[in-house]
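Secondary and tertiary structure notes
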Amino acid sequence: MTSQRRAAQLLGATLLILGAATVASTFVNHRAEADDLTITSLPITRFMSARVGEPVQGLVWRGGIEMQSQIDTFGGLSGLGFLGAADQKLVMVSDRGNFISGQLIYDEAGRVASLVGVTIEPLQNSKGAELPRAYARDAESLAVVYRNGAPAAVRVGFENLTRVADFQLVNGRPSGPAREINIPKWLSDTRTNETLEAICIAPPASPVAGSTLLISEGILDRDGNRRGWMLGRADTGPISYVSGNGTNPTDCAFLPNGDLLVLERGVALLAFKMRLVRIPAAEVKPDARLKGEPLLQVTGGDIDNMEGVAVHTAPDGSTRIVLISDNNFNDWERNLLLEFSLPE
């Protein structure tokens, strides 16, 4: 989080009004219960006036949900990843230091309908204990680590106490102590809430397959661009990211062909704004200056504090792009999950 969190107090009343318009298209509430956790999923059928299946700028709108719960640990969603195409299971991470695991359910029309089987578990440190302070719990990004073609762990990026750590997957849920990953000293030594916001791992089709890309939110190079780093066996080195006017990178994800998506978020006068850009696979390499072409640019009540992006395969076999928002545990912000696809 950056000044956006501090600006949230000023946005509250306006976002409540704008948010009501977005979920006015809700018809059925889907509830999912796991243990003591109940998630209410409010379907979102329109986005920027587009119906499901209609184009929105450079994407196609596929539907979404607003997720609500009375459980006070549900919220603050900052990053997500999917655990393969078989059953739409996913893991999200909260900036209060929790993993939220669950499964997306789709309706007969291929629209996301609800989040079920939800569990919330605290992240652990390298000794297997819960993270002791808020300063250490500020998880902002998540990527799934595949080994031998199967999801084996999740890789999490933290700000404030800036670091990257892996958590083993057990029965489809992150478990056990953190295993810290070495990152550059300039990054780990910068301990603010504007450090590591975006983390993603290149797929097999990428020229830098298996490498991890890190992008900072507010650490600038001499040209005023966001500093980043690529971690890989053969592809290690700095990168520079050119963000939009008034927006900062908050997450990244790779498409199956190796193209890179970067999500950016900012605050306009009385609303949040966001950009989603695409960078060709061949341009993603150490020492590169990355600048994407916009796929989607939005300001207002169709979105919220958008922080996470992931790519997965829907039940119909199509590639979907999922965006989530962080409600900062405020009543006037929302936990949105919005889904898009690329035009055929």
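This structure is a prediction, so every number in the text was calculated from the model and none was measured. Every chain's residues receive numbers from 1 upward, in the order its sequence appears when written. Reporting in this predicted model follows two pLDDT cut-offs: at least 70 for local features of residues, and 80 or more for side-chain atom pairs to be given and counted; totals over whole chains, interfaces and linings ignore these cut-offs and use all residues. Values reported for side chains reflect all heavy atoms of the structure, with hydrogen atoms and water molecules removed beforehand.

Let's talk about the overall build of the protein chain
In this text, helices come from DSSP runs of H or I with a minimum length of four residues, and strands from runs of E with a minimum of two, each type numbered from the N-terminal end. The secondary structure content of the protein chain amounts to three helices and 26 strands. Taken over 344 residues, the protein chain has a buried fraction of 58%. For this analysis, residues touch if any pair of their heavy atoms sits within 4.5 Å. Counted over contacts in the protein chain with a minimum sequence separation of 6, partners at least 24 positions apart contribute 53%. Total accessible area on the protein chain stands at roughly 14,300 Å², and carbon and sulfur atoms take up 48% of it. Burial classes follow relative accessibility: with a 1.4 Å probe on protein chains only, a residue under 20% of its type's maximum area counts as buried, one over 50% as exposed, and anything between as partly exposed. Residue exposure ignores everything except the shown protein chains as possible cover, and the areas themselves are Shrake-Rupley values with a 1.4 Å probe.

Describing the pairing of strand E10 (residues 112-122)
Sheet faces and side chains relate simply in a regular strand, where the side chains alternate between the two faces. Note that strand E9 (residues 98-106) and E10 share eight bridges and pair antiparallel. Bridging across to E10, Leu104 finds its partner in Leu115. Note on pairing: two strands pair once DSSP finds at least 2 bridges between them. As consecutive antiparallel partners, E9 and E10 are separated by five residues, and within that stretch Gly110 has a phi angle of approximately 80°, a positive value.

Description of the confidence of the model for the protein chain
Values of pLDDT, ranging from 0 to 100, describe the predictor's confidence in every residue of the model. The predicted model of the protein chain averages 90 in pLDDT, with 90% of residues at 70 or higher. Note on residues 2-34: pLDDT is under 50 here. Beyond four places in sequence and across chains, it has 71 contacts.

Regarding the sheet that holds strand E22 (residues 289-290)
One open sheet accounts for five strands, arranged E15-E16-E17-E18-E22; its pairing is mixed. Here the strands that pair on one side only, and so sit at the sheet edges, are strand E15 (196-201) and E22.

Describing the pattern of salt bridges
Think of a salt bridge as a Lys or Arg side-chain nitrogen and an Asp or Glu carboxyl oxygen that are within 4 Å of each other. Under the counting rule described, the total for this entry stands at 13 salt bridges. We note a salt bridge from Lys185 to Asp189, for which the minimum N-O separation is 2.5 Å. Look at Asp189 and you get partly exposed, because its relative accessible area is 46%. The residue Arg320 makes a salt bridge to Asp316 at a minimum N-O spacing of 3.2 Å. Classification of Arg320 as buried rests on a relative accessible area of 3%. Bridged by salt links that share partners, the residues Arg155, Asp166 and Arg179 form one connected network.

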